[in-house]
Amino acid sequence: MNLLPKSSKEFGSVDYWEKFFQQRGKKAFEWYGTYLELCGVLHKYIKPREKVLVIGCGNSELSEQLYDVGYRDIVNIDISEVVIKQMKECNATRRPQMSFLKMDMTQMEFPDASFQVVLDKGTLDAVLTDEEEKTLQQVDRMLAEVGRVLQVGGRYLCISLAQAHILKKAVGHFSREGWMVRVHQVANSQDQVLEAEPQFSLPVFAFIMTKFRPVPGSALQIFELCAQEQGKPVRLESAERLAEAVRERQQYAWLCSQLRRKAKLGSVSLDLCDGDTGEPRYTLHVVDSPTVKPSRDNHFAIFIIPQGRETEWLFGMDEGRKQLAASAGFRRLITVALHRGQQYESMDHIQTELSARVMELAPAGMPAQQQVPFLSVGGDIGVRTVQHQDCSALSGNYVIEDVQGDDKRYFRRLIFLSNRNVVQSEARLLKDVSYKAQKKRKKDRKKQRPADVEDLPAAPGQSIDKSYLCCEHHKAMIAGLALLRNPELLLEIPLALLVVGLGGGSLPLFVHDHFPKSCIDAVEIDPSMLEVATQWFGFSQSDRMKVHIADGLDYIASLAGGGEARPCYDVIMFDVDSKDPTLGMSCPPPAFVEQSFLQNVKSILTPEGVFILNLVCRDLGLKDSVLAGLKAVFPLLYVRRIEGEVNEILFCQLHPEQKLTTPELLETAQALEQTLRKPGRGWDDTYVLSDMLKTVKIV
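Residues numbered from 1 in each chain as written. Predicted model: local features only at pLDDT ≥ 70, side-chain atom pairs only at ≥ 80, totals over all residues. Heavy atoms only, no water.

**Looking at the overall build of the protein**
Phase 1 of the analysis: When helices and strands are tallied, the protein shows 20 helices and 27 strands.
Phase 2 of the analysis: Scored against the burial criterion, the 699 residues of the protein give a buried share of 53%.
Phase 3 of the analysis: The contacts in the protein between residues at least 6 apart in sequence include a share of 70% that link residues at least 24 apart.
Phase 4 of the analysis: As presented, the protein carries roughly 32600 Å² of accessible surface, and 50% of it is formed by carbon and sulfur atoms. (Helix = DSSP H or I, 4+ residues; strand = E, 2+ residues; numbered from the N terminus. Buried < 20%, exposed > 50% of the residue type's maximum accessible area, 1.4 Å probe, protein only. Contact = heavy atoms within 4.5 Å. Areas by Shrake-Rupley, 256 points an atom, 1.4 Å probe, with all protein chains shown as cover.)

See the structure below:
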């Protein structure tokens with residue numbers, strides 16, 4: 001039996017509802033949930049002794065169940081004479097104080113201020129089927145009548161799916177009247193699949209519009225959102241922001257329903273926000289492993305990423321997370337990243353916070369009462385100390401933070417918040433500094449919370465381990481110096497380098513400290529980065545190292561245009577990121593690999609020099625084009641892929657006869673390394689140059 005209309009416009013038709021209730025008979029029809037599903041929000045906003053008007057009551061059992069738990073002063077109205085007759089017959093004996101009246105809610109016969117609550121379960125949604133003028137006029141009459149029959153301080157409690165046009169109309173109408181507007185998400189409604197032929201799945205909301213006494217000349221408007229039954233309402237600045245917040249919760253509910261239905265959604269991520277501040281607190285990634293064979297205990301698990309480790313390939317990239325999920329052996333794994341700027345007490349506290357929410361993302365077929373394991377690395381939440389945060393006119397918001405690695409050593413990082421999962425620059429802190437931080441943490445072990453700002457020194461100039469390169473792509477770029485002639489003599493002969501892209505300064509600083517005859521020009525477009533490098537990463541200029549605040553494109557073009565007087569460099573390094581996230585290549589910006597600009601680079605490179613470029617390009621077609629363009633200018637081109645990262649280091653030279661076989665390349669790298677390892681040079685023993693070049697390929 002099809003009881004639903006052919007068109008949603010029929011919801012506003014008297015004839016439709018008469019036919020509907022004749023066909024359905026006495027079987028209750030519950031829009032948007034039963035009493036048990038709605039009682040939490042109803043009891044919160046309706047007191048037992050208040051006089052309640054239920055508009056569009058239909059044959060729902062909601063009024064009967066409210067009556068049975070003590071709400072005796074209830075008046076029900078509906079436009080259908082059939083349903084009013086049915087409800088009178090059902091309740092005359094058992095609920096004598098409750099009345100049912102046939103009445104049009106747009107022309108109610110009650111005196112002004114007759115009720116303290118007007119309850120509407122789906123009626124506004126049924127009437128407001130479109131935004132045509134006739135429909136909007138009917139809704140205006142309905143809402144005006146609701147306002148007329150309510151007392152000052154009374155509440156219009158409307159249960160709705162809060163579709164955009166309905167929310168806009170209801171909020172707009174009552175806020176203009178000076179009423180307080182609150183939208184309350186019905187608790188756990190995202191778990192309910194609301195079924196009425198055909199099926200649909202949306203969260204249920206309650207609009208609570210509280211009537212205030214008009215204040216002449218007052219423009220005060222109050223908008224609030226309450227996401228849980230017992231949660232604290234959050235005050236929002238505008239109707240638009242309220243609508244956006246509701247839409248976010250609808251999208252979340254839709255996502256949960258799709259995940260339950262095994263929909264193929266690709267990469268799924270979402271933020272869970274602090275209920276009081278609205279700030280992101282957790283970032284979740286949902287990773288399914290279709291190849292994992294189902295068993296009793298491998299349906300679902302949660303993986304908490306320790307603070308500071310969310311940038312690692314295994315946790316920060318889609319491919320890494322897929323590998324993590326496959327190795328964990330669960331059909332669905334949710335990785336959870338902890339946000340900087342938020343306080344976390346302990347792993348147990350995080351599990352308590354997340355337990356209810358993550359269960360909404362469980363896969364279909366998971367047994368009821370199944371215990372879901374929480375996994376992590378090392379069993380703690382990690383240490384992250386934000387030392388400094390600021391905003392650059394060119395790079396946007398950024399933070400300097402100290403984090404503890406899996407070897408218990410501490411590292412300082414520069415993070416651009418526009419791309420918060422990418423470490424822009426990194427340096428290791430000296431061991432004695434790490435020891436102080438660990439000692440302080442032992443004293444605070446009972447508190448089980450991350451180290452405070454005081455745990456690590458605020459003035460970092462002396463705290464940086466300048467002998468250690470953290471970034472794998474920097475190690476590979478340094479190894480590229482082995483392509484120069486007589487690399488074992490590089491410490492004894494002058495070496496001219498141009499480095500475009502300063503960041504924290506670790507790359508030019510490493511060359512400066514380990515190659516005593518080197519002279520380095522570093523070019524950085526953002527003056528804020530020079531301040532960051534100097535203050536937080538131990539960088540300093542000298543007579544052998546100068547920083548030029550300029551656009552690298554303009555600086556090199558100016559050098560290339562200098563004629564015979566132009567300088568020539570033995571090594572040119574590009575480690576410069578793009579500020580445009582929409583491009584398929586994030587490093588370098590496309591203008592740095594255009595043919596005309598590459599010709600400028602060629603003109604300032606010595607004949608036997610090497611041009612080294614950090615390439616980060618996810619667009620395979622674009623990458624092939626870049627490689628072809630480079631090869632057209634630099635016939636000898638080597639590529640070294642950084643394992644576990646998107647980075648590829650390109651080594652470019654002018655003359656094919658300079659080509660070295662892999663054994664020759666490893667031999668020159670070992671010769672250079674032996675020189676650098678001599679006592680007193682401060683070389684890091686874990687850094688093996690030849691290892692950086694074993695996988696180099698010639699294009």
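**Focus: the packing of helix 17 (residues 595-603) against helix 18 (residues 620-633)**
Phase 1 of the analysis: Packing of helix 17 against helix 18 leaves a shortest axis separation of 10 Å and a crossing angle of 40°. In this view, helix 17 runs oblique relative to helix 18, as classed from their interaxial angle. At the point where helix 17 passes helix 18, the crossing takes the right-handed sense. Between helix 17 and helix 18, the residues in contact are Gln-595, Leu-598, Gln-599 and Lys-602 and Gly-629, Leu-630, Ala-632 and Val-633, respectively.
Phase 2 of the analysis: Of the residues contributing to the contact of helix 17 with helix 18, the split by class is four nonpolar, three polar and one charged. (Axes fitted to C-alpha atoms, helices over the stretch in contact; angles between N-to-C directions. Parallel < 35°, antiparallel > 145°, perpendicular 65-115°, else oblique. Left-handed = near helix turned anticlockwise from the far one by under 90°. Nonpolar A, V, L, I, M, F, W, Y, C, P; charged D, E, K, R; others polar.)

**A word on the pairing of strand 22 (residues 569-574)**
Phase 1 of the analysis: Of all six residues making up strand 22, five are buried, and the element is well covered by its neighbours.
Phase 2 of the analysis: Here four bridges tie strand 19 (residues 495-500) to strand 22, and the two strands are oriented parallel to one another. By the bridge assignment, Val-500 is partnered in strand 22 with Phe-574.
Phase 3 of the analysis: Across five bridges, the pairing between strand 22 and strand 24 (residues 605-617) is parallel. Looking at strand 24, one finds that Tyr-569 is bridged to Leu-605. (Pairing = 2+ DSSP bridges.)

**Details of the nonpolar core**
Phase 1 of the analysis: Counting 47 residues, the largest nonpolar core has Val-571, Met-573, Phe-651 and Leu-693 as its most contacted members.
Phase 2 of the analysis: It is helix 19 (residues 662-676) that provides the largest number of residues to this core, a total of five residues.
Phase 3 of the analysis: The next biggest cluster of nonpolar side chains, apart from the first, holds 40 residues, and it includes Met-103, Met-108, Leu-128 and Val-183. (Core = buried A, V, L, I, M, F, W, Y, C linked by side-chain atoms within 4.5 Å.)

**Re the confidence of the model for the protein**
Phase 1 of the analysis: Confidence in the prediction of the protein, expressed as mean pLDDT, is 82, and 86% of residues score 70 or more.
Phase 2 of the analysis: Under a pLDDT of 50 for its full length, residues 189-200 has, in the predicted model, 25 contacts with residues more than four places off or in other chains. (pLDDT = per-residue confidence, 0-100.)

**As for the sheet that holds strand 16 (residues 396-404)**
Phase 1 of the analysis: In spatial order, the strands read 15-16-17-18; together these four strands make up an open sheet with antiparallel pairing. Pairing within the sheet leaves two strands with one partner each, and these edge strands are strand 15 (384-392) and strand 18 (423-428). The sheet shows a mean angle of 15° between the axes of neighbouring strands, taken without regard to direction.
Phase 2 of the analysis: In the sheet, strand 16 pairs with strand 17 (residues 410-416) via seven bridges, with the strands oriented antiparallel. When the sheet's bridge partners are listed, Tyr-398 is paired in strand 17 with Phe-416.

**Topic: the sheet that holds strand 5 (residues 150-160)**
Phase 1 of the analysis: Strand order in this open sheet of nine strands is 3-2-1-4-5-7-6-8-9, and the pairing throughout is mixed. Pairing within the sheet leaves two strands with one partner each, and these edge strands are strand 3 (99-102) and strand 9 (234-236). The sheet shows a mean angle of 20° between the axes of neighbouring strands, direction not considered.
Phase 2 of the analysis: Running over the sheet, helix 4 (residues 81-91) touches strand 2 (74-78) and strand 3 and is turned about 165° from strand 3.
Phase 3 of the analysis: Contacts from helix 7 (residues 164-176) reach strand 5, strand 6 (180-185), strand 7 (205-210) and strand 8 (222-226) within the one sheet, and its direction differs from that of strand 7 by about 15°.

**Focus on helix 6 (residues 133-149)**
Phase 1 of the analysis: Taking 1.5 Å of rise per residue, the 17 residues of helix 6 would be expected to cover 24 Å, and the 25 Å separating its terminal C-alpha atoms lies within 8% of that figure.
Phase 2 of the analysis: Where helix 6 is buried, its residues touch strand 1 (52-55), strand 4 (115-121), helix 5 (123-127), strand 5 and helix 7. (Expected span 1.5 Å × (residues − 1).)

**Concerning the pattern of salt bridges**
Phase 1 of the analysis: For the structure shown, the criterion picks out 22 salt bridges.
Phase 2 of the analysis: Where Arg-384 meets Glu-401, a salt bridge forms, and the shortest distance between an N and an O atom there is 3.5 Å. You can see Arg-384 sitting in strand 15 and its partner Glu-401 sitting in strand 16, a full 17 residues away along the chain. Grouping residues by exposure puts Arg-384 and Glu-401 together as buried.
Phase 3 of the analysis: The partner of Asp-465 in a salt bridge is Arg-428, and the shortest N-O contact between them spans 2.8 Å. Taken together, the residues Asp-465 in the loop between helix 12 (431-443) and helix 13 (472-479) and Arg-428 in strand 18 connect sequence positions 37 residues apart. (Salt bridge = Lys/Arg side-chain N within 4 Å of Asp/Glu carboxyl O.)

**Things to note about unusual backbone geometry**
Phase 1 of the analysis: Cis peptide bonds are those with omega within 30 degrees of zero, and the linkage from Cys-587 to Pro-588 qualifies with -5°.
Phase 2 of the analysis: Among the secondary structure elements, Pro-588 is positioned in the loop between strand 23 (585-587) and helix 17.
Phase 3 of the analysis: Even without a glycine there, the phi angle at Ala-113 is positive, about 55°.
Phase 4 of the analysis: Structurally, the position occupied by Ala-113 is in the loop between strand 3 and strand 4.
Phase 5 of the analysis: Taking the relative accessible area as the measure of exposure, Ala-113 reaches 37% and is therefore partly exposed.

**Re the packing of aromatic side chains**
Phase 1 of the analysis: With the rule as written, the count across this model stands at eleven aromatic pairs.
Phase 2 of the analysis: Both rings, one in Phe-574 and one in Phe-611, keep their centres 4.9 Å apart while their planes meet at 80°; by these two values the pair is edge-to-face. A residue pair is termed long-range when its members are at least 10 positions apart, and Phe-574 in strand 22 and Phe-611 in strand 24 qualify at 37 residues.
Phase 3 of the analysis: Owing to a relative accessible area of 0%, Phe-574 belongs among the buried residues under this scheme.
Phase 4 of the analysis: Taken together, Phe-574, Phe-592, Phe-597, Phe-611 and Phe-634 form an aromatic cluster joined through their ring pairs.
Phase 5 of the analysis: Above the plane of the ring of Tyr-468 lies Arg-428, whose end atom (NZ or CZ) is 3.8 Å from the centre. (Phe/Tyr/Trp six-rings, centres within 6.5 Å; stacked < 30°, edge-to-face > 60°. Lys NZ or Arg CZ within 6 Å of the ring centre and 35° of its normal.)

**Side note on the packing of helix 13 against helix 14 (residues 506-514)**
Phase 1 of the analysis: At their nearest, the axes of helix 13 and helix 14 sit 10 Å apart, and the two run at 40° to each other. The orientation of helix 13 relative to helix 14 falls into the category oblique. For the pair helix 13 and helix 14, the crossing hand works out as right-handed. Contacts between helix 13 and helix 14 involve His-474, Met-477 and Ile-478 on the former and, on the latter, Ser-506, Leu-507, Phe-510 and Val-511.
Phase 2 of the analysis: Here the residues of the contact of helix 13 with helix 14 sort into five nonpolar, two polar and no charged.

**Notes on the side chain of Thr-210**
Phase 1 of the analysis: Following the sequence through the fold, Thr-210 ends up in strand 7.
Phase 2 of the analysis: Classification of Thr-210 as buried rests on a relative accessible area of 12%.
Phase 3 of the analysis: When neighbours within four sequence positions are excluded, Thr-210 is seen to be in contact with Gly-153, Gly-154, Arg-155, Trp-179 and Met-180.

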